[in-house]
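# A look at the structure
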Amino acid sequence: MISMALLAAFIPTFFFVSITPGMCMTLAMSLGMTIGVRRTLWMMAGELAGVATVAIAAAIGVAAIMLRFPMLFVVLKIIGGTYLIYLGYTLWRSKGKLALTEQNAPHKQLSRRELMYQGFITAVANPKGWAFLVALLPPFISPDYPLLTQLPVLILMILILEWTCLMIYSSGGQSLGALLKNTANLKLMNRIAGSLMAGVGIWLMLS
């Protein structure tokens, strides 16, 4: 079981974090534009495997700490809330640049295995992904339910939301690329996500 109130806050928070342009989303968009959504699914499979690897590693670490030192729950909750507020602040200060350059543009000749490898490495090598998951999981864990029954639900939701955002970017193609290359549009998107994350961070710290 899991707290429905925490889950209701977790879903929109992680969705806006995922949908905000970053390494994985811009890769999905550029691949969707050049090789098509169908072949991009191989990259998505690798990327989701990478996200799952990071999420499971973070969850095991969080579970080990919280099961051994239950009093650290409050500390981790405050740290997680503070980190969400910091992320919200940095998104508000963002200049609205899309991280898509000629250097990370995909090659049409990539095989399925290479696409999966590219997606996996992009997810695992993203330091923000590690920091976000380590900081995010504790605040959304309820002390009223068994820890090991909550973590699988949160990880499953992470993967579903990540896949949804990858599909939006890869299928959006040129229209989405044109929209996000507009600085004003990207700033607005970042500020919406930033406001949500900061608000949830404050709510978590005070709850």
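Residues numbered from 1 in each chain as written. Predicted model: local features only at pLDDT ≥ 70, side-chain atom pairs only at ≥ 80, totals over all residues. Heavy atoms only, no water.

## Topic: the side chain of Ser-18
Along the chain, the position of Ser-18 falls in helix H1 (residues 4-19). The exposure class of Ser-18 is buried, given its relative accessible area of 6%. In this structure Ser-18 touches Met-25, Glu-162 and Cys-165, once residues within four positions along its chain are discounted. (Helix = DSSP H or I, 4+ residues; strand = E, 2+ residues; numbered from the N terminus. Buried < 20%, exposed > 50% of the residue type's maximum accessible area, 1.4 Å probe, protein only. Contact = heavy atoms within 4.5 Å.)

## Let's talk about helix H2 (residues 23-34)
Taking 1.5 Å of rise per residue, twelve residues should cover 16 Å, and H2 covers 17 Å from first to last C-alpha, within 8% of that figure. Taking burial as the measure, the twelve residues of H2 include nine buried ones, the bulk of the element. Trailing H2 by a residue or two, Gly-36 shows a phi angle of about 90°, which is positive. (Expected span 1.5 Å × (residues − 1).)

## As for the environment of Gly-50
As for its placement among the helices and strands, Gly-50 is situated in helix H3 (residues 37-68). Considering only alpha carbons, one finds Gly-50 and Phe-120, 70 residues apart in sequence, at a separation of 4.6 Å. Apart from the residues lying within four places of it in its own chain, the contact partners of Gly-50 are Phe-120, Ala-123 and Val-124.

## Digging into the packing of aromatic side chains
Throughout the structure, instances matching the rule amount to one aromatic pair. Judged by centre distance (6.1 Å) and plane angle (15°), the ring pair of Phe-10 and Phe-14 falls under stacked. Of the two residues, Phe-10 and Phe-14 both sit in helix H1, four residues apart, roughly one turn of that helix. Classification of Phe-14 by relative accessible area gives buried; the value is 5%. (Phe/Tyr/Trp six-rings, centres within 6.5 Å; stacked < 30°, edge-to-face > 60°.)

Keep in mind these values describe shape, not function.
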